Structures are given as C-alpha cells and as structure tokens.
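Listed below are the residues making up each chain.
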Amino acid sequence: MNEKSIFTKIIEREIPANIIYEDEKSIIIEDISPQAPIHYLAIPKKEIKGISDLSESDQGIVDHLMIVIKNEMSNQGINDYRLVINNGSEAGQTVFHLHIHILANRTLGWPPG
Ligand code: AMP
C-alpha cells in the first residue's frame with residue numbers, strides 16, 4: 001500500500017496541525033509555512049493526488065470544498081482572498097494530496113510568481 005500523505009496523517013491525527021474546520025468530507029488547516037497573514041489549506045479527506053487525478057466519481061468534492069471555504073471565510077469576516085491549486089511539481093505542488101490554498105489579509109500581486 002502507498003504511504004499515507006502528510007494530510008491524511010493530519011486527518012487521522014497521527015501528526016499535529018492547527019485544524020480550523022472539519023466535516024465528514026473535508027478539513028481546513030493552517031499552512032505550516034504561511035505565505036500571507038492568513039494561509040489555510042482546504043483538503044478533501046479522500047486522498048486524491050491532484051486536480052489531474054480527479055475522476056467522474058469525484059463529482060462534488062471540489063464544489064464541497066468551495067462552499068466550506070466560502071462559509072469559513074464568511075464566518076471570519078474575510079471578504080477578499082485568493083484560492084490557489086498547484087497541480088504538478090512544475091506548478092509548485094509539493095504535497096500530492098489535493099488541496100486548495102486560501103491566502104488573505106495582505107495585498108496579493110498579479111500575475112502570480
Ligand atoms: P503545495 O506546494 O501546493 O503542494 O502546497 C503544500 C503546502 O502544504 C505548503 O504550503 C506547505 O507549507 C504545506 N504543508 C506541508 N506540510 C504541512 C504540515 N505538516 N502542516 C501544514 N501545512 C503543511
């Protein structure tokens with residue numbers, strides 16, 4: 001069997017993280033190396049490697065994350081934020097368990113680096 005991803009280990013409480021939201025399908029944690037004053041990761045509990053690995057049976061996973069993100073940010077009173085998904089190592093992906101970065105509370109430049 002493949003080694004569990006670091007995010008699955010967090011979901012299964014094998015390693016610690018600051019968990020700010022959890023439901024049966026997803027979790028939001030604080031990024032360990034924040035790139036903005038607010039830097040969260042929204043992660044599906046299903047271990048999908050990345051956007052390229054989504055299949056038809058994964059319908060509903062990403063839109064669930066979007067609603068969870070919208071609700072959490074709304075609860076925190078944060079209206080302006082950037083969502084980022086790195087897909088593949090050349091795009092900057094380092095953890096191969098799908099996740100959406102949520103960046104907020106600083107001015108974010110465009111185009112991104
Ligand atoms: P990516 O480079 O898009 O794959 O993003 C992976 C993110 O996971 C990076 O921003 C890391 O800082 C973050 N990360 C890695 N390990 C941990 C951890 N143990 N707890 C929280 N965030 C982590």
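Source: prediction; values computed, not measured. (Residues numbered from 1 in each chain as written. Predicted model: local features only at pLDDT ≥ 70, side-chain atom pairs only at ≥ 80, totals over all residues. Heavy atoms only, no water.)

Trainee: Before we go on, may I ask you to explain the overall build of the protein chain in this structure?
Mentor: Scanning the protein chain for helices and strands turns up 2 helices and 5 strands. From first element to last, N terminus to C terminus, the protein chain shows the α and β order α-β-β-β-α-β-β. Its C-alpha atoms give the protein chain a radius of gyration of 14 Å, within 12% of the compact-globule value 13 Å for 113 residues. For the C-alpha atoms alone, the extent of the protein chain along its principal axes is close to 45 × 30 × 30 Å. For the protein chain, the residues scored as buried account for 35% of the 113 residues in total. For the protein chain, contacts bridging at least 24 residues in sequence account for 52% of all contacts bridging at least 6. If you sum the accessible surface of the protein chain, you get close to 7,000 Å²; carbon and sulfur atoms cover 51% of it. (Helix = DSSP H or I, 4+ residues; strand = E, 2+ residues; numbered from the N terminus. Rg over C-alpha atoms; globule rule 2.2 N^0.38 Å. Buried < 20%, exposed > 50% of the residue type's maximum accessible area, 1.4 Å probe, protein only. Contact = heavy atoms within 4.5 Å. Areas by Shrake-Rupley, 256 points an atom, 1.4 Å probe, with all protein chains shown as cover.)

Trainee: Whenever I open this one, helix α2 (residues 61–75) confuses me. Can you help?
Mentor: Residue pairs spaced three or four apart in an α-helix point in one direction, given the helix's 3.6 residues per turn. Here α2 spans 21 Å end to end across 15 residues, near enough to the 21 Å set by a 1.5 Å rise per residue. Residues of α2 that are buried make contact with β1 (19–22), β2 (26–30), β3 (38–44), β4 (81–84) and β5 (100–104). In the segment just after α2, G77 is the residue with positive phi, at about 70°. (Expected span 1.5 Å × (residues − 1).)

Trainee: Sorry if this is basic, but what is going on with the pairing of β2 here?
Mentor: Along any regular strand the residues' side chains alternate between the sheet's two faces. Extensive coverage of β2 is indicated by the burial of 4 of its 5 residues. The pairing of β1 with β2 spans 3 bridges and is antiparallel. Note on β2: the bridge partner recorded for Y21 is I28. The pairing of β2 with β3 spans 5 bridges and is classified as antiparallel. Residue pairing for β3: I27 is matched across the bridge by I43. (Pairing = 2+ DSSP bridges.)

Trainee: I'm lost on the site of the ligand in this one. Help?
Mentor: Around the ligand, the surrounding shell holds 16 residues, and the nearest of these are D31, N86, G92, T94 and H101. Here I32 contributes a backbone N or O atom positioned 3.1 Å from a nitrogen atom of the ligand. In this structure, V95 approaches the ligand through a main-chain N or O atom, which is 2.9 Å from an oxygen atom. Taking 510 Å² as the accessible area of the ligand by itself, protein coverage stands at 85%. Every element with two or more residues in the shell around the ligand is listed here: α1 (6–11) and β2. Broken down by element, the shell around the ligand gets its largest block of residues, 3 residues, from α1. Among the residues forming the shell around the ligand, the class breakdown is 7 nonpolar, 7 polar and 2 charged. (Near = heavy atom within 4 Å. Polar contact = N/O pair within 3.5 Å; in protein donor to acceptor, adjacent residues only side chain to side chain. Nonpolar A, V, L, I, M, F, W, Y, C, P; charged D, E, K, R; others polar.)

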